[in-house]
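# Architecture at a glance
As a plain string of letters, each chain reads:
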Amino acid sequence: MSQDFISMLNEISEKWQRKWEESRIFERNPEERQKFYTTVAFPYPNSPFHLGHGRTYTTCDIYARYKRMQGYNVLFPMGFHYTGTPIVTMADDVAKGDKELIEIFEKIYEIPSSVIPKLSDPLFMANYFKEEIKKAMKELGLSIDWRREFTTIDPEFSSFIVWQFNKLQSMGYVVKDTHPVGWCPVHNLPVGMHDTKGDVEPEIGQYVLIYFETPFGYLPIATLRPETVFGAVAVWISPKDKYSVVEVDGKRLILSKKASFRLSFQLDLKEVQELTSEELQKVKAVNPITGREVPIIPADFVDPTLATGVVMSVPAHAPFDYYYLKKSKLELPIVPVVKLDNTDAMARDVVEKENPKSDADLKKLTELVYRTEYNKGKMREDVVDLVKPEYREELKEIAGKPVPEARKIITDFVVKKKLGKQIYEIMNKPVYCRCGNEVVVKILKDQWFLDYGNPEWKAKTKKLLSKMRVIPPEVRKDFEYAIDWLEKRACARTRGLGTPLPWDKKWIIESLSDSTIYMAYYTIAHKIKQHKLHASQLTLDFWDYVMLGRGNPEEISKSTGIDKSVIEDMRREFLYWYPLDVRHSGPDLIPNHLSFFLFNHSAIFPEELWPKGLAINGFILYEGKKMSKSLRNILPLRKAIRMYGADVIRIALACTVDLGSDANFTDVGAKAIADALRRFYEIVTAHYSGDVMGKPERWLLSKFNNLVKEVTAEMGELDLRGALNKVLYEMTSNVNEYFEMVRAEGREPNGKVMKRIGLEWTKLLSPFAPHLAEEIWHKLGNETFVSLEKWPTYNEAEIDVKLELEHEFVEQVIGDVRSILNVFKGTPTQVMIFAAGKGEMEKLRKAIEVTSSGGTLKNLMDQLRPSSKEEARTLQKIYQMVISMPETIKKMASYDIDEYQVLKENARYIEHKLGLNVTVEQFDENVRARYNKEALPLRPAIVVQ
RNA sequence: GCCACCGUAGCUCAGCCCGGCUAGAGCGCCGGCCUUGUAAGGUAAAGCAGGAGAGCCGGUGGUCGCGGGUUCGAAUCCCGCCGGUGGCUCCA
């Protein structure tokens with residue numbers, strides 16, 4: 001039963017994990033041997049691991065184990081990422097008694113209720129989950145060198161980050177700039193997704209303000225569609241709010257009170273006067289682009305909290321405007337400015353046609369108009385005639401332009417002429433901070449950025465990418481795109497755990513910025529611990545020498561008090577492991593972490609130390625669905641390992657689909673893997689008493705050698721799915737086939753051959769299912785670790801293609817007989833097989849030759865010149881047969897095979913498989929006459945009685 | 001909206017790059033091996049009725065999302081459409 005087997009798997013897994021740890025075989029130091037250095041993005045311990053986390057680590061481990069068996073000195077280290085806000089936020093939530101979160105911790109992750117209150121301390125949470133994750137990693141059988149473990153808030157690691165940022169700073173890659181962020185006006189803090197109600201990311205976009213002149217000052221209409229300003233025939237204001245006159249950039253602007261509060265976070269503004277909407281309605285406004293004087297009208301649909309609380313009215317292109325203007329019975333013209341194929345005033349058309357009943361209906365129509373005009377609209381040629389004479393020349397080019405281009409032209413014009421400006425707004429507003437206040441946009445001044453837009457830096461990074469191996473190859477273009485697209489990126493925040501920015505300590509270096517070159521830190525992390533070095537000793541000079549070979553170790557030794565030999569040893573160790581050979585990750589990290597990883601390596605390290613490979617794997621679904629808190633379908637990794645066994649989980653996560661695809665973990669799938677492993681175990685550990693070395697043995701060895709050859713190639717390409725399929729399924733069916741073959745000969749499987757194959761086969765399984773492989777390896781009488789054994793090589797001399805083809809031929813004949821039996825009426829007792837004569841093979845070869853070079857039946861006849869009608873008919877049949885013949889059987893024709901002999905030799909096997917008496921004879925004219933059957937080459941005549 | 005990837009058996013997926021193999025694999029499903037009962041005094045079970053955890057043997061299963069086009073020939077190449085998933089910056 002598979003459950004018993006899984007229990008056994010769990011027992012042996014624990015045993016072998018312990019033995020690996022005791023013998024320290026995965027703790028690697030520099031050696032003469034060639035190295036292989038691989039890493040996975042380190043985990044962020046704000047929850048235990050679930051199934052999905054396991055895939056990348058397992059993929060990396062399987063490849064690491066394979067490389068190790070190939071003779072490389074393999075290093076696979078691990079650390080923990082404490083930097084950033086989510087741990088802090090989550091701890092806060094626990095402190096606040098967040099029911100959902102606590103329920104997930106208790107019910108899904110089965111965290112003891114005595115521990116839960118302690119999780120309100122962020123450091124306790126991080127440490128607790130770190131240990132939890134570490135256990136999961138060990139239980140999964142990952143071959144990690146744990147001596148090198150660290151966390152990103154260790155002071156020693158901080159000294160390394162300080163060094164990195166000093167380097168980036170000196171290269172001019174760190175810049176100061178302003179930056180809009182979501183902001184809570186009460187907390188006075190930036191607000192990210194984790195800080196909002198319902199975990200909504202505040203989306204920040206830009207509105208264009210255009211200043212309409214009034215006697216009180218300028219009315220800044222706010223719009224996402226500045227290109228329609230030519231068609232503005234009125235200005236809407238809100239009757240629900242008062243208006244303030246404020247001074248901005250030396251101009252007087254009129255904003256709703258609420259807007260003025262919100263905008264005070266991004267504009268330097270001073271209130272000078274208060275107005276009611278009634279006072280405003282009494283005056284007129286002048287469109288600064290057209291010079292047209294327009295009325296100011298109150299409207300309920302105007303949201304005084306959005307942007308400036310002032311909106312222009314463009315009835316030709318805005319359904320709200322058309323609808324409410326019509327309702328207001330004001331005689332205002334409709335001025336169309338954007339043309340489509342079938343209309344010039346889409347808003348009017350859709351409102352008339354759809355007859356909206358509510359603001360919600362109007363909103364839908366607005367989206368439709370907006371989308372259609374944006375994608376298909378062009379500016380009318382005559383918009384220029386609407387423009388004030390003094391601007392006409394400069395705006396002439398806008399005529400006929402598609403909407404997106406026109407929008408850019410008018411925006412630039414307005415900003416340049418100071419007829420308006422751009423402001424930021426929360427596009428998905430309202431977004432609320434967890435404290436309940438609505439989030440606004442704040443312009444952060446003096447924010448620190450990493451300037452990924454720097455062209456020189458981009459060029460260097462692209463060069464790095466071009467020299468790097470990327471698996472699967474399709475994702476390379478995602479990286480090219482991401483590198484092109486990245487611009488300035490904020491690299492410091494005001495809260496969270498992490499390393500303070502060295503030259504401006506109120507900022508904490510942000511989590512995606514302090515995790516870009518830490519792979520270099522692993523190479524010497526254990527030495528820092530071993531020599532008990534203090535962070536204060538790890539100076540800029542120290543890191544300059546260890547990482548870049550700059551400076552004099554003697555002087556550094558003096559200034560830091562670290563032994564010169566220790567410093568030099570660390571430099572040597574770094575150079576031994578670096579560059580990184582392969583980094584494994586999920587696709588979510590392509591546009592950020594992995595791209596930053598490339599950028600920072602290209603900046604800091606010389607070309608010969610640039611990373612050499614990236615492998616990107618897909619996600620894990622659970623029973624066809626993405627795991628999520630809301631679906632409550634999270635399966636914790638440690639629980640899954642208990643349920644199915646580590647080896648089963650490894651295979652289910654990493655080997656059921658190809659690398660780049662998402663894998664679906666299912667209960668039945670996992671049990672099927674357990675069954676397959678059990679079959680493997682039973683076959684390999686059984687005792688076989690035969691000693692005959694016959695054709696079946698040679699066939700099996702040939703198959704096995706071929707398999708080793710193919711699997712090795714697939715492992716090299718990280719085609720774990722293909723490799724595992726062959727190792728676990730294909731080989732098992734080969735062995736079963738072999739058992740059939742010897743059974744047909746009435747004998748036992750050959751013990752020596754089975755032992756030899758069992759050992760080699762176990763090695764092939766070992767990267768995938770290391771625990772079971774170790775157990776079998778020892779059961780078979782070995783004292784060593786199979787994890788450290790040499791990966792099997794194939795012996796070309798044992799590959800007998802002809803023998804394999806012969807067997808395939810026999811299988812094909814058996815298949816043919818079966819299909820005849822399927823339609824045979826009555827009870828069959830006897831099968832007669834008549835093989836075609838040897839001479840016929842020549843015709844077949846010729847036919848294959850002719851068809852594969854594109855020839856026709858006529859060409860074949862011309863070449864062979866049949867001497868009789870009979871022969872011509874046979875040729876025709878051969879020709880037809882070749883057209884639908886499998887490649888492998890075609891290939892057989894190129895070997896000198898005596899099919900009569902082959903069938904004769906395999907007659908007992910065929911009998912055994914069919915359970916019927918079988919005779920094999922040469923085909924001749926008598927047979928043709930008697931049974932009215934024809935034997936073609938490799939297609940013997942079959943008669944069932 | 002834009003970009004990327006995907007749509008093949010009941011399910012999970014190969015095959016597509018580079019057109020031609022009988023479109024494959026695993027799981028599932030069905031049948032058999034197994035088992036219980038059933039004839040006249042006993043024995044025997046073809047048939048019939050029922051039971052089966054695994055295993056073994058055999059079998060079943062597909063308008064290749066839809067519509068056009070290129071070609072002697074399309075799951076494969078091209079175009080359009082429909083459906084799904086992910087990404088689109090300060091979030092780890």
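Residues numbered from 1 in each chain as written. Chains lettered and ligands numbered in written order. Predicted model: local features only at pLDDT ≥ 70, side-chain atom pairs only at ≥ 80, totals over all residues. Heavy atoms only, no water.

### Notes on the overall build of chain A
For chain A, the helix and strand inventory stands at 36 helices and 29 strands. Compactness check: chain A gives a C-alpha radius of gyration of 38 Å against a globular reference of 30 Å for 945 residues, more than 25% above the reference. Seen through its principal axes, chain A has C-alpha atoms that stretch 115 × 85 × 55 Å. Taking all 945 residues of chain A together, the buried fraction comes to 55%. Intrachain contacts of chain A at a sequence separation of at least 6 include 76% that bridge at least 24 residues. When the accessible area of chain A is evaluated, it comes to approximately 40500 Å², of which 50% is carbon and sulfur surface. Taking the average location of the 133 positive side-chain charges in chain A and that of its 134 negative ones, the two points are 1 Å from each other. (Helix = DSSP H or I, 4+ residues; strand = E, 2+ residues; numbered from the N terminus. Rg over C-alpha atoms; globule rule 2.2 N^0.38 Å. Buried < 20%, exposed > 50% of the residue type's maximum accessible area, 1.4 Å probe, protein only. Contact = heavy atoms within 4.5 Å. Areas by Shrake-Rupley, 256 points an atom, 1.4 Å probe, with all protein chains shown as cover. Lys, Arg positive; Asp, Glu negative; His and termini not counted. Charge placed at Lys NZ, Arg CZ, Asp CG, Glu CD.)

### Focus on helix α23 (residues 646-654)
Helical periodicity: at 3.6 residues per turn, an α-helix aligns residues three or four positions apart in one direction. Burial within α23 is extensive, with nine of its nine residues counted as buried. The complete set of buried residues in α23 reads Ala646, Asp647, Val648, Ile649, Arg650, Ile651, Ala652, Leu653 and Ala654.

### Considerations on the sheet that holds strand β3 (residues 174-184)
Read from one edge of the open sheet, four strands run β4-β3-β17-β19, paired in antiparallel fashion. Edge strands, defined here as strands with exactly one partner in the open sheet, are β4 (189-190) and β19 (488-490). In the sheet, β3 pairs with β4 via two bridges, with the strands oriented antiparallel. Bridging across to β4, Trp183 finds its partner in Pro190. (Pairing = 2+ DSSP bridges.)

### Some thoughts on unusual backbone geometry
Note the cis peptide between Ile471 and Pro472, where omega equals -5°. Structurally, Pro472 is set in the loop between β18 (469-471) and α16 (476-485). Here Tyr578 and Pro579 are connected by a cis peptide whose omega angle stands at 0°. Relative to the assigned elements, Pro579 resides in the loop between α20 (564-577) and β22 (582-585). In this model, Arg24 sits at a positive phi of 55°, which is unusual for a non-glycine residue.

### Topic: the domain arrangement of chain A
The assigned domain composition of chain A is domain 1 (204-426), domain 2 (663-801) and domain 3 (824-944). Tallying the contact residues gives nine residues for domain 2 and seven residues for domain 3. Buried area between domain 2 and domain 3, both sides added, is near 670 Å², and the carbon and sulfur share of it is 49%. On the domain 2 side of the interface with domain 3, the three residues burying the most area are Glu740, Ala744 and Val801, jointly 59% of the side's total. Taken together, domain 2 and domain 3 are joined by one salt bridge. Glu905 is the salt-bridge partner of Lys695, the closest N and O atoms lying 2.5 Å from each other. (Domains from an automatic or database assignment. Buried area = accessible area lost by both parts, 1.4 Å probe. Salt bridge = Lys/Arg side-chain N within 4 Å of Asp/Glu carboxyl O.)

### Topic: the pairing of strand β29 (residues 941-944)
Of the two faces of β29, the one holding Ala941 and Val943 and the one holding Ile942 and Val944 are both buried throughout. Sheet analysis places strand β27 (residues 830-835) next to β29, joined by four bridges and oriented antiparallel. Its bridge partner lying in β29, Met832 is registered against Val943.

### A few points about the packing of aromatic side chains
Centre distance and the angle of the planes are the two values used to describe a pair of aromatic rings. One pass over the structure, following the stated rule, counts 51 aromatic pairs. Relative to Trp543, the ring of Tyr521 lies with its centre 5.9 Å away and its plane at 35°, an arrangement referred to as tilted. Taken together, the residues Tyr521 in helix α17 (residues 518-530) and Trp543 in helix α18 (residues 540-548) connect sequence positions 22 residues apart. Judged on exposure class, the residue Tyr521 and its partner Trp543 are both buried. Taken together, the aromatic side chains of Phe42, Phe150, Phe157, Phe160, Trp163, Tyr518, Tyr521, Tyr522, Phe542 and Trp543 make up a single cluster linked through ring pairs. (Phe/Tyr/Trp six-rings, centres within 6.5 Å; stacked < 30°, edge-to-face > 60°.)

### Structural notes on the environment of Tyr323
Inspection of the secondary structure assignment puts Tyr323 in helix α9 (residues 319-328). When the C-alpha atoms of Tyr323 and Ala347 are compared, they prove to be 8.8 Å apart, with 24 residues separating the residues in sequence. Look past the residues within four positions of Tyr323 in its chain and what remains in contact with it is Val351, Pro356 and Leu362.

### With respect to α17
With 13 residues, α17 ought to run about 18 Å at 1.5 Å a step, and its terminal C-alpha atoms sit 19 Å apart, in line with that. The principal kink in α17, of about 45°, is found at Ile524. Most of α17 sits inside the fold, with eleven of its 13 residues counted as buried. Regarding α17, the residues found buried are Tyr518, Met519, Ala520, Tyr521, Tyr522, Thr523, Ile524, Ala525, His526, Lys527 and Ile528. (Expected span 1.5 Å × (residues − 1). Bend = angle between axes of the 7 residues up to and from the residue.)

### As for the nonpolar core
Of all hydrophobic cores here, the largest spans 218 residues; its most connected members are Leu51, Phe105, Met547, Phe605, Phe665 and Trp761. With twelve residues, the top contributor of residues to this core is helix α26 (residues 720-744). In this structure, this core is formed jointly by two domains, domain 2 (663-801) and domain 3 (824-944), each of which donates at least three residues. Counting residues in hydrophobic clusters, the runner-up holds 58 residues, among them Phe212, Val229, Ala299 and Val335. (Core = buried A, V, L, I, M, F, W, Y, C linked by side-chain atoms within 4.5 Å.)

### As for the sheet that holds strand β2 (residues 73-75)
Strands sit in the order β2-β1-β22-β23-β18 across an open sheet of five strands; the sheet is parallel. Where the open sheet ends on each side, the last strands, each with one partner, are β2 and β18. Taking each pair of neighbouring strands and ignoring which way they run, the sheet shows an average axis angle of 15°. Relative to strand β23 (residues 613-616), β18 runs parallel, the two being bridged by three bridges. Along β23, the bridge assignment pairs Arg469 with Gly613. The sheet strands contacting α17 are β1 (35-40) and β22, and the helix crosses β1 at an angle near 125°. (Axes fitted to C-alpha atoms, helices over the stretch in contact; angles between N-to-C directions.)

### What about the pattern of salt bridges?
Applying the stated criterion to the full structure yields 62 salt bridges. Close ionic contact of Lys130 with Glu131 constitutes a salt bridge, the shortest N to O distance being 3.4 Å. When its relative accessible area of 12% is taken as the criterion, Lys130 is described as buried. Residue classification places Glu131 among the partly exposed positions, given a relative accessible area of 36%. Here Glu227 makes a salt bridge to Arg225, at a shortest N to O gap of 3.6 Å. With relative accessibility at 0%, the residue Glu227 sits in the buried group.

### Thoughts on the state of the cysteines
On inspection of all chains with the given rule, the structure shows zero disulfides. Of the cysteine sulfurs around Cys60, a residue in no disulfide, the closest is that of Cys655, at 13 Å. Taking the relative accessible area as the measure of exposure, Cys60 reaches 1% and is therefore buried. (Disulfide = S-S within 2.5 Å.)

### Description of the side chain of Gln447
For Gln447, the position within the fold is in strand β17 (residues 440-451). Not counting the four nearest positions on each side in its chain, Gln447 is found in contact with Val175, Lys176, Asp177, His179, Ala490, Ala492 and Trp507.

### A closer look at the environment of Ile6
Checked against the element boundaries, Ile6 lands in helix α1 (residues 2-23). Put simply, Ile6 and Leu677 are 671 residues apart on the chain and 9.9 Å apart in space, counted from C-alpha to C-alpha. Ignoring any residue separated from it by four or fewer positions in sequence, one finds Ile6 in contact with Arg642, Met643, Tyr644, Gly645 and Ala674.

### Observations concerning the packing of helix α5 (residues 122-139) against helix α22 (residues 637-644)
In the contact formed by α5 and α22, the axes pass within 9 Å of each other and the chain directions differ by 30°. Our classification of the angle between α5 and α22 gives roughly parallel. Both α5 and α22 take part in a crossing whose hand is left-handed. Contact residues: Glu132, Lys135, Ala136 and Glu139 in α5; Leu637, Arg638 and Ile641 in α22. (Parallel < 35°, antiparallel > 145°, perpendicular 65-115°, else oblique. Left-handed = near helix turned anticlockwise from the far one by under 90°.)

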